[in-house]
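Secondary and tertiary structure notes
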Amino acid sequence: HVGSRFLGQSVRIAREGWDAWQPLAATLSLLWQELPDDALVVMEHVTWWLALGLILAFLPYFPYSKHLHLVMAPLNMALKPARPALGSPDPIPLNGDGAVPSRLGAQGLTDLIWPRVLDGLACIMCNRCQDVCPAYAAGTRLSPAALEVNKRFAMKEAMAYWSRPARASHALLEEVMPADGVWACTTCAACVEICPVANEPLQDLFEMRRALVMREGRPPTKAGQTLRNIRYAGNPWGYNPEERGDWALDLNVPLLRDVGECEVLFWPGCHGNFDPRGKEIARAVVRLLQKAGVKVAILGEEAWCTGDPARRLGDEALFQQCARRNATTFARYRFQTIVTPCPHCFNALGSEYRALSIDLNVMHHTQYLRHLVAAGKLAFGNGRTMAVTFHDPCYLGRHNGEVEAPRALLAALPGVTLREMPRHGMRSFCCGGGGGGVFFDVESDRRIPDIRLEEARALEPDTVVTACPFCMTMFEGSTLKEGLDIRDIAEVLVERMDNGR
């Protein structure tokens, strides 16, 4: 088309005279100077109709080509629904009235809601999502780019089979993405954050997980055990729920049922209540709060899992059951703020519960501790000079946009130098623990935490600092942990607090 227009302009200039505003076409026109005027008129008409004809010939092909993104991408960006957090799943109304929702996940193309259809048609095939995907980097069968491209191809093929609806109803889970690719996702939302046209391949993976769990009842074996443990014991490992709060027995932290109200309800999360490393982090946070004079209490055995692992593993019903159970407990007491060291709990309680009309004031421990430092309630003395690198947890940074609070705390420590990894802040690389990855293994060429710790090792830090018990668990299990000092930011602060006022 462009070539025909260019050639036509050169012919017109040959007839009408030199045009300094079109130097290339004017130069080409020198070839036609000796042709008769009638020949030039014919050539001009031929090139004009050729240019128009090529456009008309392209129009039927346009909806079937990648160029459809020229129309669909702006539409996709304009109509994308708002989310409480970047990677929050599309909601499913489960009101507890016995009615079965019309949609429980997506097995096929006909199960997709319209934003998911637009995603496939808006994709520009740039592969940015694949380039930042930790599961793809680890060598799993998941590629978010392939997911959207395959979805588009499947939609085109299904359009020819409207008389055979079974074709469109089974083309997603069986052909677009295999089940092991679906379970490889860490739900880090890097694909969502990087996409230039607002595609959300993560939402397709959520829907396929829901179909695998709530329709077909076939999660991976360990993931299925995790869901059963949450349902019956209120934690992912199946520990005795009466042991919640045992980690704080010697810290003089009251139970909220004994005091009735408090300034801060400390929510250690399941890791803080049961995991040995998570308990150390919880104890460090409580010591900081007590040092600042904050009236803090815990729920103990009254607390239940937030349901975040259940939602990420595809069991939306279990997530909502957990949310409503916790909401009933919260309603019995008075408190100002919930503080938690777990970004997954922070995301669930502070962002996703809100969609269920459960409105809570929730802060991650780095945010609350930053507030205490700014208010002069916490101060830190001199300690050993050390270089640290900070790993941003996905559910704190990318999902909820908090990347400054941890760095402000590190900046408040005399003698501490921060060395940033190449991928940090909103573009941080996942530890591999999200999406249930901390509870079950996915077959891969490499382990995601190994990839991340390679980046950290290259900086030669004295300490690798993070702010998430999931990240801590993944790093502690890495083959590259040897020789690395890995600590939660609260533990670093406690060490310096003992030397402060």
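So, here is what we can say about the structure in this document. (Residues numbered from 1 in each chain as written. Predicted model: local features only at pLDDT ≥ 70, side-chain atom pairs only at ≥ 80, totals over all residues. Heavy atoms only, no water.)

A look at the overall build of the protein
Along its length, the protein carries 25 helices and eight strands. Counting only C-alpha atoms and orienting by the principal axes, one finds that the protein spans roughly 105 × 60 × 40 Å. Every one of the 501 residues in the protein was classed for burial, and the buried ones make up 56%. Of the contacts formed within the protein by residues at least 6 apart in sequence, a portion of 77% connects residues at least 24 apart. When the accessible surface of the protein is split by element, carbon and sulfur atoms take 54% of a total near 21,700 Å². Positive and negative side-chain charges of the protein, numbering 53 and 56 respectively, have mean locations separated by a distance of 3 Å. (Helix = DSSP H or I, 4+ residues; strand = E, 2+ residues; numbered from the N terminus. Buried < 20%, exposed > 50% of the residue type's maximum accessible area, 1.4 Å probe, protein only. Contact = heavy atoms within 4.5 Å. Areas by Shrake-Rupley, 256 points an atom, 1.4 Å probe, with all protein chains shown as cover. Lys, Arg positive; Asp, Glu negative; His and termini not counted. Charge placed at Lys NZ, Arg CZ, Asp CG, Glu CD.)

Points about the packing of helix α17 (residues 276-291) against helix α25 (residues 489-497)
In the contact formed by α17 and α25, the axes pass within 9 Å of each other and the chain directions differ by 45°. Considered as vectors, α17 and α25 are oriented oblique to each other. For the crossing formed where α17 meets α25, the hand is left-handed. Residues R277, E280, I281, A284, V285, R287, L288 and K291 of α17 form the contact with α25, whose own contacting residues are A490, E491, L493, V494 and M497. Of the residues belonging to the contact of α17 with α25, the class tally is eight nonpolar, no polar and five charged. (Axes fitted to C-alpha atoms, helices over the stretch in contact; angles between N-to-C directions. Parallel < 35°, antiparallel > 145°, perpendicular 65-115°, else oblique. Left-handed = near helix turned anticlockwise from the far one by under 90°. Nonpolar A, V, L, I, M, F, W, Y, C, P; charged D, E, K, R; others polar.)

As for the packing of helix α1 (residues 2-16) against helix α3 (residues 37-58)
Where α1 meets α3, the closest approach of the two axes is 8 Å, and the angle between their N-to-C directions is 160°. Relative to α3, the element α1 is oriented roughly antiparallel. Two packed elements cross with a definite hand, and for α1 against α3 that hand is left-handed. Seen from α1, the contacting residues are S4, R5, L7, G8, V11, R12, A14 and R15; seen from α3, they are D37, L40, V41, M43, E44, T47, L50, A51 and L54. Of the residues belonging to the contact of α1 with α3, the class tally is nine nonpolar, three polar and five charged.

Comments concerning the pairing of strand β3 (residues 334-340)
For strand β1 (residues 261-266) and β3, the ladder comprises five bridges, and the chain directions are parallel. Paired with V264 across the bridge in β3 is T337. This β-α-β element, β3 to helix α20 (residues 343-352) to strand β4 (residues 362-364), shows right-handed connectivity. (Pairing = 2+ DSSP bridges. Right-handed = clockwise from strand over helix to strand, strands pointing away.)

Description of the pattern of salt bridges
This model, assessed by the stated rule, comprises 41 salt bridges. Here R407 ties to E420 by a salt bridge, and the two come within 2.6 Å at their closest N and O atoms. Of this pair, R407 sits in helix α22 (residues 404-411) while E420 sits in the loop between β6 (416-418) and α23 (448-458), and the two are 13 residues apart along the sequence. Judged by relative accessible area, which is 13%, R407 ranks as buried. A relative accessible area of 28% places E420 in the partly exposed class. Residue E455 is joined to R423 by a salt bridge in which the shortest nitrogen-to-oxygen separation is 2.2 Å. Taken as a pair, E455 in helix α23 and R423 in the loop between β6 and α23 lie far apart in primary sequence, 32 residues in all. Residue classification places E455 among the buried residues on the basis of a relative accessible area of 13%. With a relative accessible area of 30%, R423 lands in the partly exposed category. What you see here is one network of salt bridges that share partners, running through K80, R83, D90, R116, D119, E148, K151, E200 and D204. (Salt bridge = Lys/Arg side-chain N within 4 Å of Asp/Glu carboxyl O.)

Brief notes about the pairing of strand β5 (residues 386-390)
The buried fraction of β5 amounts to five of the five residues, a majority that puts the element mostly inside the structure. Alternating positions in β5 separate into two faces, M386, V388 and F390 on one and A387 and T389 on the other, with burial throughout. The parallel pair β5 and β6, bridged by α22, forms a crossover whose chirality is right-handed. One ladder, built from three bridges, connects β5 with strand β7 (residues 463-466); its direction is parallel.

Let's talk about the sheet that holds β4
The strand order across the open sheet built from four strands is β2-β1-β3-β4, with neighbouring strands paired in parallel fashion. Looking at which strands have only one partner, the edges of the open sheet turn out to be β2 (296-297) and β4. The pairing of β3 with β4 spans three bridges and is classified as parallel. The residue of β4 that forms the bridge with I338 is V362. Together, β3 and β4 form the strand contacts of α20, whose direction differs from that of β4 by roughly 160°. Against the sheet, helix α21 (residues 365-374) contacts β1, β3 and β4, and its axis sits at roughly 85° relative to β4.

So, the nonpolar core
Side chains that are nonpolar tend, in soluble globular proteins, to be buried together. Among the nonpolar cores identified, the biggest contains 51 residues, and L109, L142, M177, L205 and M208 are the most heavily contacted of them. Of the residues forming this core, the biggest block, six residues, is contributed by helix α13 (residues 201-215). The residues contacting L205, other than those within four sequence positions of it, are L142, L147, M177, V182 and C185. Listed in part, the 39 residues of the second largest apolar core include F346, A456, C471 and M472. (Core = buried A, V, L, I, M, F, W, Y, C linked by side-chain atoms within 4.5 Å.)

Side note on α22
Within the sequence span of α22, burial applies to A405, P406, R407, L409 and L410. The secondary structure elements touched by the buried residues of α22 are α21, β5, β6 and α25.

Brief notes about the packing of aromatic side chains
Applying the stated rule across the entire model yields 12 aromatic pairs. Note on W183 and F440: the rings are 6.2 Å apart at their centroids and 85° apart in plane angle, and the pair reads as edge-to-face. Taken together, the residues W183 in helix α11 (residues 179-183) and F440 in the loop between β6 and α23 connect sequence positions 257 residues apart. Lying across the ring of W304, R325 places its NZ or CZ 3.5 Å from the centre. (Phe/Tyr/Trp six-rings, centres within 6.5 Å; stacked < 30°, edge-to-face > 60°. Lys NZ or Arg CZ within 6 Å of the ring centre and 35° of its normal.)

Description of the environment of L318
Tracing the sequence through the fold places L318 in helix α19 (residues 316-330). Measuring from C-alpha to C-alpha, the distance between L318 and P241 comes to 17 Å, with 77 residues separating the pair along the chain. Beyond its immediate stretch of four places on either side in the chain, L318 contacts L227, I230, R231 and A310.

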